[in-house]
Amino acid sequence: MAEFDVDLFVIGAGSGGVRAARIAAGYGAKVMVAEGFRIGGTCVIRGCVPKKLMVYASRFADDFADAAGYGWSVPQATFDWAKLVAAKEKEISRLSAIYRTHLEGAGIEIVKTRAVVEDAHKVRLLTDDRVVSARVILVATGSAPFLAPDIPGLEHTITSNEIFDLRELPRRILIVGGGYIAVEFASLLARLGSHVTLAMRAENILRDFDEDLRISLRDALAEAGVMFKFTNLPTRIDKRARGLAVSLVNGEQLDVDQVMVATGRHPHTQGLGLEKLGFALDAVGAIKVDQWSRSTVPSIYAVGDVTNRVALTPVAVREGHAFADTVFGDKKRAVDHTNIATAVFTTPELGTVGLTEAEARAQYACGDVYATRFRPLKSALSGRKDTVLMKIVVDGETDRILGVHVLGEAAAEMAQLLGIAVKMGATKADFDATVAVHPTSAEEFVTLHSRTARCEQVKLDPGEAAALPDEERMA
């Protein structure tokens, strides 16, 4: 009789858990996965994928408006929220089914239930109160929306979990928060036709991103109709016969149809039974792990958002794969969490990799900055006032590129490829030696030769940054 029922028990069938299960099974491990909701996790079901589909939907508003400048006569366009929601649901159901097929094809047993950790080698399935023993347990339960501030009427709010399945598009919505989830939904809902107000504790959006891009994106969102309430959070939410009445710190009252709270996400560790085993958790409840994703209980590992390292889906996938290689493939592999490219899917899009200008100045004695702001070719005939902002941060002593940042169309696609160069330790000279692809916006990264700030010079203030050359280049 085998010492354990399975070699690996995975709690959570999101991106990290699914990848870990499949790779471990490929090494010959007997694997069981427990998922109480839908296979695919936050990213597939109620995160990146459905959000990006809605972002695409929102951008058609600009496309229709721009078409006339290119000779197209577009009839009056109308938008149907219900059709979008139905199409989104069909697609994520298809993706979830693919995840299931891949797991089952690898010989992995899937149990639809919540699971809790009983001890270092046992997991209890809550649906039938069955206990399964495992040589190794992997916690991959992700994160969940964190509701704040705790005010009267908070029960009337929704989160990014519920926004995807509303029966109708909110005519008026207040979004609380200034992070990437808040600004992404503010951007897409405004373009779909909602009157959007964004309220937050901070004085600007997207803390920890490069300051010039934060300012430029804020201005672009305001131009799109988003109303900002900085340093001004709700104090009370009252339900009315029609909609909600929201009182703000400054005494103002807003009448809206929905309030969406997007004040962050916390690791989903509550109710997993971890406390009784003496797990080391951080201040927000994340499982503390070493470079191999091993917790303070040697037979229990954790990957993804539940560890609060870098809360991005591709990172969870990479961590899950590295875990399986290390534990079941005899290939010790740790994930490098530095210089990870990321994007914010607002309109305009924001892409970034590496250090911001402020971070570079704090960490390096000599930091050079190359920046440009220009009007993209696409706007030549449409008449749109779009601008692209690009920025390269360089170590002035070694010429190594420390960070690259872009705000504009296709910024995410650029960031993905720029991430390779930054990860490889590319220098500014390497960029300069690369021949441009013309006409593109991305060519600016290899034709930027004039420094906007050098070594110990004082950073441009927002007004000066806004006055960077606006060449309005069409070629």
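In the block above lies the structure referred to throughout.
Residues numbered from 1 in each chain as written. Predicted model: local features only at pLDDT ≥ 70, side-chain atom pairs only at ≥ 80, totals over all residues. Heavy atoms only, no water.

Helix and strand counts for the protein chain stand at 12 helices and 22 strands. For the protein chain, the spread of C-alpha atoms along the principal axes amounts to about 75 × 65 × 45 Å. Partitioning the intrachain contacts of the protein chain with sequence separation of at least 6 by distance along the chain shows that 64% fall at a separation of at least 24. For the protein chain, the computed accessible surface area is about 22400 Å², with 52% contributed by carbon and sulfur atoms. On the protein chain, the mean spot of the 55 positive side-chain charges and the mean spot of the 61 negative ones are 4 Å from each other. (Helix = DSSP H or I, 4+ residues; strand = E, 2+ residues; numbered from the N terminus. Contact = heavy atoms within 4.5 Å. Areas by Shrake-Rupley, 256 points an atom, 1.4 Å probe, with all protein chains shown as cover. Lys, Arg positive; Asp, Glu negative; His and termini not counted. Charge placed at Lys NZ, Arg CZ, Asp CG, Glu CD.)

Turning to the side chain of Thr269, a few remarks are in order. Counting through the fold element by element, Thr269 comes out in the loop between strand E15 (265-267) and strand E16 (300-302). A polar contact of 2.7 Å, which involves the side chain of Thr269, links it to the backbone oxygen of Gly285. If we ignore the near neighbours within four places in the chain, the residues touching Thr269 are Leu274, Glu275, Gly285, Ile287 and Val306. (Polar contact = N/O pair within 3.5 Å; in protein donor to acceptor, adjacent residues only side chain to side chain.)

So, on to the pairing of strand E20 (residues 388-395). Most of E20 is tucked away, with eight of its eight residues classed as buried. Judged by which residues are buried, E20 turns out to be covered on both faces: Val388, Met390, Ile392 and Val394 on one side and Leu389, Lys391, Val393 and Asp395 on the other are all buried. When strand E19 (residues 367-374) meets E20, the two strands line up antiparallel, connected through eight bridges. Note on E20: the bridge partner recorded for Val369 is Val393. (Buried < 20%, exposed > 50% of the residue type's maximum accessible area, 1.4 Å probe, protein only. Pairing = 2+ DSSP bridges.)

Contact pair helix H3 (residues 48-67) / helix H4 (residues 81-105): the axes reach a minimum separation of 10 Å and the direction vectors enclose 145°. With respect to the hand of their crossing, H3 and H4 are arranged in right-handed fashion. Together, Val49, Pro50, Leu53, Met54 and Ala57 of H3 and Trp81, Leu84, Val85, Lys88, Glu91, Ile92 and Leu95 of H4 make up the contact between the two elements. When the residues that make up the contact of H3 with H4 are grouped by side-chain class, the tally is 10 nonpolar, no polar and two charged. (Axes fitted to C-alpha atoms, helices over the stretch in contact; angles between N-to-C directions. Left-handed = near helix turned anticlockwise from the far one by under 90°. Nonpolar A, V, L, I, M, F, W, Y, C, P; charged D, E, K, R; others polar.)

Opposite charge on two side chains makes pairing possible when the charged atoms of those side chains draw close. This model, assessed by the stated rule, comprises 31 salt bridges. For Arg130, the salt bridge identified is with Asp128, shortest N-O distance 3.4 Å. Classification of Arg130 by relative accessible area gives partly exposed; the value is 34%. Note on Asp128: relative accessible area 47%, which makes it partly exposed. Two residues, Arg172 and Asp257, come together in a salt bridge whose shortest N-O distance is 2.9 Å. One end of the pair, Arg172, is in strand E8 (residues 172-176); the other, Asp257, is in the loop between strand E13 (253-256) and strand E14 (258-261), and 85 residues separate them in sequence. By relative accessible area, Asp257 is classed as partly exposed at 25%. (Salt bridge = Lys/Arg side-chain N within 4 Å of Asp/Glu carboxyl O.)

Let us now look at the sheet that holds strand E12 (residues 244-248). Spatially, three strands are ordered E11-E12-E13 in an open sheet, and the strand pairing comes out antiparallel. Both outer strands of the open sheet, strand E11 (234-239) and E13, are each paired with one neighbouring strand and no more. Direction aside, the axes of adjacent strands within the sheet are offset by 20° on average. Inspection of the sheet shows E11 paired to E12 by five bridges, in the antiparallel sense.

An ideal rise of 1.5 Å per residue puts 36 Å on 25 residues; H4 measures up with 36 Å between its terminal C-alpha atoms. Looking at the buried side of H4, the elements it contacts are helix H1 (15-26), helix H2 (41-46), H3, strand E3 (109-111) and helix H5 (180-192). Structurally, the start of H4 carries an N-cap: the backbone nitrogen of Ala82 is 3.0 Å from a side-chain oxygen of Asp80. Two residues or fewer after H4 comes Gly107, characterised by a positive phi angle close to 80°. (Expected span 1.5 Å × (residues − 1).)

A word on the packing of aromatic side chains. All chains considered together, the criterion is met by five aromatic pairs. Between Phe60 and Phe64, the aromatic rings sit 6.1 Å apart at their centres with planes inclined by 35°, giving tilted as the arrangement. Placement of both Phe60 and Phe64 in helix H3 is noted, with a separation of four residues, approximately one turn of the helix. Taking relative accessible area as the criterion, Phe64 reaches 41% and is therefore assigned partly exposed. An aromatic cluster is built from Tyr301, Phe323 and Phe328, whose rings are joined through pairwise contacts. Above the ring of Phe37, the side-chain terminus of Arg46 is found at 4.4 Å from the ring centroid. (Phe/Tyr/Trp six-rings, centres within 6.5 Å; stacked < 30°, edge-to-face > 60°. Lys NZ or Arg CZ within 6 Å of the ring centre and 35° of its normal.)

In this section: the state of the cysteines. Here the structure, examined in full by the defined rule, presents one disulfide. Residue pairing for Cys43: its cysteine sulfur links by disulfide to Cys48, the two sulfurs lying 2.4 Å apart. One quick way to see it: the torsion about the S-S bond of Cys43 and Cys48 is about -140°, and its sign makes the bridge left-handed. (Disulfide = S-S within 2.5 Å.)

This paragraph deals with the side chain of Lys229. Its location among the elements puts Lys229 in strand E10 (residues 227-229). Polar side-chain contacts of Lys229 include one of 2.9 Å to the side chain of Glu252.

Let's shift gears to the nonpolar core. Judged by nonpolar contacts, the single largest core of 40 residues is most densely connected at Ile163, Ile175, Phe185, Leu189, Leu198, Ile205 and Met260. Secondary-structure elements contributing two or more residues to this core are H3, H4, E8, H5, strand E9 (195-199), helix H6 (211-223) and strand E17 (342-344). The element that contributes the greatest number of residues to this core is H5, accounting for nine residues. Ile23, Ala24, Val33 and Phe323 belong to the second-largest nonpolar core, a separate cluster that totals 24 residues. (Core = buried A, V, L, I, M, F, W, Y, C linked by side-chain atoms within 4.5 Å.)

Let us look at the packing of H3 against H5. Closest axis-to-axis distance for the H3/H5 pair is 8 Å, and the angle between their directions is 40°. If you check the angle between H3 and H5, you find them oblique. H3 and H5 meet at a crossing whose hand is left-handed. Where H3 abuts H5, its residues Lys51, Met54, Val55, Ala57, Ser58, Ala61 and Asp62 lie against Glu184, Phe185, Leu188, Arg191 and Leu192. Looking at the contact of H3 with H5, its residues break down into seven nonpolar, one polar and four charged. (Parallel < 35°, antiparallel > 145°, perpendicular 65-115°, else oblique.)

A separate point is the sheet that holds E9. As a general point, the strands of a sheet are linked pairwise by backbone hydrogen bonds and lie either parallel or antiparallel. Spatial strand order, E10-E9-E8-E14: four strands in an open sheet with parallel pairing. Unpaired on one side and paired on the other, E10 and E14 mark the two borders of the sheet. Taken pair by pair, the neighbouring strands of this sheet meet at an average axis angle of 20°, ignoring direction. Relative to E14, E8 runs parallel, the two being bridged by four bridges. In the sheet register, Leu174 faces E14, and the bridge partner there is Val259. The strands touched by H5 are E8, E9 and E14; relative to E9, the strand with the most contacts, the crossing angle is about 165°.

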